Amino acid sequence: MPGRSLAAFIGAVGATAGCLCACSAASGETADISIVASTNVYGSVVQQLVSGLPPGRVSVTAILADASVDPHSYEASPRNELAISRADLIIENGGGYDGFVDTLRAAAGASAPVVNAVQLSGHAHDAELNEHVWYDFATVRRVAQRVTAFLLARDPRDAPVLRRNAAAFAAGVRRLDGAAARIRARHGGEGVAITEPVPLYLLQSCGLVNRTPPEFSQAIEEGTDASPRLLQATLDLFGAHQVRLLVDNEQTAGPQTDDVIAAARSAGVPVIGVTETLPADVDYLSWMDWILHDIAAALS
């Protein structure tokens, strides 16, 4: 239903299904294979790929796992450096999003292979790179394939479980693609607004057209104030009924985003919140499924 928050969904899931634990920070000292991900989004993907393996086979550590923290301003700790130094595989988003990983790798002298999502995405050379590629399902599919290939090569004993998990994850991504296609069939070409570019790949897959002045959302992402002209142009989208939906990055806030949200609500435009890191107690596929559900409900 429109307006229902992701937090409410997570609470409902927790009440009915227990913890959908997305990522655990287990000790790499006791595991056969240690995987370190820059954020719990990629950590969750790995957790789904290694589910059901014998205890101690693979540990998954997410450096950034707090949905209240802005990843762009995150400062890593010595504990993170230790995890990186012990890693057998490192997963980073890339594109300048999580530069702290490269800093940690250099400081720790880490030689573990790196899976870089932006490099796998095909967007690395875009004129205006939107680095939030975990909202691009094709990219997440490629990350999962690369991680599975690493694990299969590292320990063939686990091949049956790994292949089964990889197939299940791929099927889950196909379901997300299907949900986006259904939205595209019904609402393709309709206008939407954003506060930041975070969900753009997802909105594009739904066939929706971002009508926000790009300079406005870029200013918000960079933590600066947009000009009064840009702010007014964004506010006018709602009064003029040029957009059907506003998608807001809940991990950052400020007076201008508050003004935009207020204008949307005043005009009766639904507001959907998204985040950059995974909320607690939900896995990646469930998270994306709910956002797509919320988009479809709002547009209906």
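Above this note sits the structure.
First things first, this report covers the structure right here in the doc. (Residues numbered from 1 in each chain as written. Predicted model: local features only at pLDDT ≥ 70, side-chain atom pairs only at ≥ 80, totals over all residues. Heavy atoms only, no water.)

Read across the sheet, 4 strands follow the order β6-β5-β7-β8 without closing on themselves; strand pairing throughout is parallel. A strand with exactly one partner marks an edge of an open sheet, and here the two such strands are β6 (209-210) and β8 (271-274). (Pairing = 2+ DSSP bridges. Helix = DSSP H or I, 4+ residues; strand = E, 2+ residues; numbered from the N terminus.)

Viewed as axis vectors pointing N to C, helix α6 (residues 137-154) and helix α7 (residues 159-187) meet at an angle of 180°, and their least axial separation amounts to 10 Å. As summarised for this structure, α6 and α7 are arranged roughly antiparallel, according to the angle between their axes. Of the residues in α7, those in contact with Phe-137, Val-140, Arg-141, Ala-144, Thr-148, Leu-151 and Leu-152 of α6 are Ala-159, Leu-162, Arg-163, Ala-166, Phe-169, Val-173, Leu-176 and Asp-177. Within the contact of α6 with α7, the residues separate by chemical class into 11 nonpolar, 1 polar and 3 charged. (Axes fitted to C-alpha atoms, helices over the stretch in contact; angles between N-to-C directions. Parallel < 35°, antiparallel > 145°, perpendicular 65-115°, else oblique. Contact = heavy atoms within 4.5 Å. Nonpolar A, V, L, I, M, F, W, Y, C, P; charged D, E, K, R; others polar.)

Once that is clear, we can look at the nonpolar core. Judged by nonpolar contacts, the single largest core of 61 residues is most densely connected at Tyr-135, Tyr-284, Trp-287 and Ile-295. Tallying contributions element by element places helix α12 (residues 284-299) first for this core, with 9 residues. Apart from residues no more than four positions distant in its own chain, Tyr-135 is found in contact with Val-198, Pro-199, Tyr-201, Leu-202, Val-274, Thr-275, Trp-287, Met-288 and Ile-291. Counting residues in hydrophobic clusters, the runner-up holds 18 residues, among them Phe-216, Leu-231, Ala-263 and Val-271. (Core = buried A, V, L, I, M, F, W, Y, C linked by side-chain atoms within 4.5 Å. Buried < 20%, exposed > 50% of the residue type's maximum accessible area, 1.4 Å probe, protein only.)

Attention shifts here to α7. Its 29 residues place the ends of α7 42 Å apart at the C-alpha level, agreeing with the 42 Å of an ideal helix rising 1.5 Å per residue. Restricting attention to buried positions, one finds in α7 the residues Ala-159, Val-161, Leu-162, Asn-165, Phe-169, Gly-172, Val-173, Leu-176, Ala-179, Ala-180, Ile-183 and His-187. Along its buried surface, α7 packs onto α2 (40-50), α6, α8 (200-205) and α12. Taken from the residues just after α7, Gly-189 is the one with a positive phi, measuring 90°. (Expected span 1.5 Å × (residues − 1).)

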